[in-house]
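A structural walkthrough
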Amino acid sequence: MCICFFDDSPHENDARGGRQNMFKTGMQDAPCKDPLACCCGGLPCFLPFTNCYMRHKALEGNMDAYVCCQGYYDRCCFKAGGIGDQGNPCCLALEGCCCISCSLSATRMYVMDKYDLQSDPCDRRIIRFNNCIQCLACICHIAAIIDPTFQDLATILDLIADLVFYTTAGCMNAQVNYELTLRDRKSVV
């Protein structure tokens with residue numbers, strides 16, 4: 001219910017916000033459409049493996065096209081593809097394990113760019129709610145450094161933030177897998 005308070009419009013700088021095509025299913029319906037991908041993508045012990053599998057699937061098995069986070073998180077001091085990561089399955093495994101949220105988001109953005117998709121309004125609400133809870137937990141941890149009475153609240157918010165993140169990750173993985181599976185079936189037929 002809390003997600004209803006979050007804006008569902010695209011961010012003003014979102015290059016994917018004005019696209020005509022939508023995912024075949026929104027993140028809110030994805031768990032019912034692809035429950036296995038949702039469960040595997042939402043459990044902490046399976047999420048790194050699911051991230052690697054989804055990227056490999058999105059790249060259609062072409063590991064030569066792989067670069068760290070598909071280049072979506074390049075900054076002035078870091079450029080994907082220039083550090084020995086291009087086509088390297090070990091780097092994909094490290095990314096899937098060490099940069100869980102970036103890996104997940106990069107795969108989703110890659111699929112959105114590849115098929116000219118935009119997010120569903122409810123997807124944007126879910127992602128914004130997740131981000132808000134993560135920030136709130138971080139703020140409480142900083143407050144607990146200053147005033148130890150915030151420690152219990154920070155611990156509780158950490159647990160809630162983890163639950164929200166893994167639920168969002170499961171929905172996002174299910175959405176991406178469902179999209180790729182349907183497109184793969186159509187290309188075979």
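Calculation criteria
- Residues numbered from 1 in each chain as written.
- Predicted model: local features only at pLDDT ≥ 70, side-chain atom pairs only at ≥ 80, totals over all residues.
- Heavy atoms only, no water.
- Helix = DSSP H or I, 4+ residues; strand = E, 2+ residues; numbered from the N terminus.
- Buried < 20%, exposed > 50% of the residue type's maximum accessible area, 1.4 Å probe, protein only.
- Contact = heavy atoms within 4.5 Å.
- Areas by Shrake-Rupley, 256 points an atom, 1.4 Å probe, with all protein chains shown as cover.
- Phe/Tyr/Trp six-rings, centres within 6.5 Å; stacked < 30°, edge-to-face > 60°.
- Core = buried A, V, L, I, M, F, W, Y, C linked by side-chain atoms within 4.5 Å.
- Expected span 1.5 Å × (residues − 1).

Take the overall build of the protein next. Across its full length, the protein holds seven helices and two strands. Sequence-ordered secondary structure for the protein, helices as α and strands as β, is β-α-α-α-α-α-β-α-α. Referenced to the eigenvectors of the C-alpha coordinate spread, the extents of the protein come out at roughly 60 × 40 × 35 Å. Across the 189 residues that make up the protein, the buried fraction comes to 40%. In the protein, of all internal contacts separated by at least 6 residues, the share reaching a separation of at least 24 is 77%. Just so you have it, the protein exposes about 10400 Å², and 63% of that area is on carbon and sulfur atoms.

What the rule picks out here adds up to one aromatic pair. Centroid distance Phe165 to Tyr166: 5.1 Å. Interplanar angle 70 degrees. Geometry classified as edge-to-face. Looking at Phe165, the relative accessible area reads 16%, which means it is buried. Residue Tyr166 is classed as partly exposed on the basis of its relative accessible area of 23%.

Moving on, we come to the nonpolar core. Residues Tyr66, Val111, Leu117 and Leu180 are the most contacted members of the largest nonpolar core, which totals 24 residues. Of all the secondary structure elements, the ones that give two or more residues to this core are α2 (35-42), α3 (47-58), α5 (100-114) and α7 (151-188). Examining the composition of this core, we find that four residues originate from one element, α5, more than from any other. Met27, Leu47, Cys122 and Ala169 belong to the second largest nonpolar core, which has ten residues in total.

To continue, consider α5. Between its first and last C-alpha atoms α5 spans 21 Å; for 15 residues at 1.5 Å apiece the expected length is 21 Å, and the two agree. Of all the residues in α5, the buried ones are Ile100, Ser103, Leu104, Ala106, Thr107, Arg108, Met109, Tyr110, Val111 and Met112. In the stretch just after α5, Asp116 is the one whose phi turns positive, near 55 degrees.

Here we come to the side chain of Asn51. Following the sequence through the fold, Asn51 ends up in helix α3. Discounting residues that sit within four places of it in the chain, Asn51 has contacts with Gly96, Ile100, Ser103, Leu104, Thr107 and Asn173.

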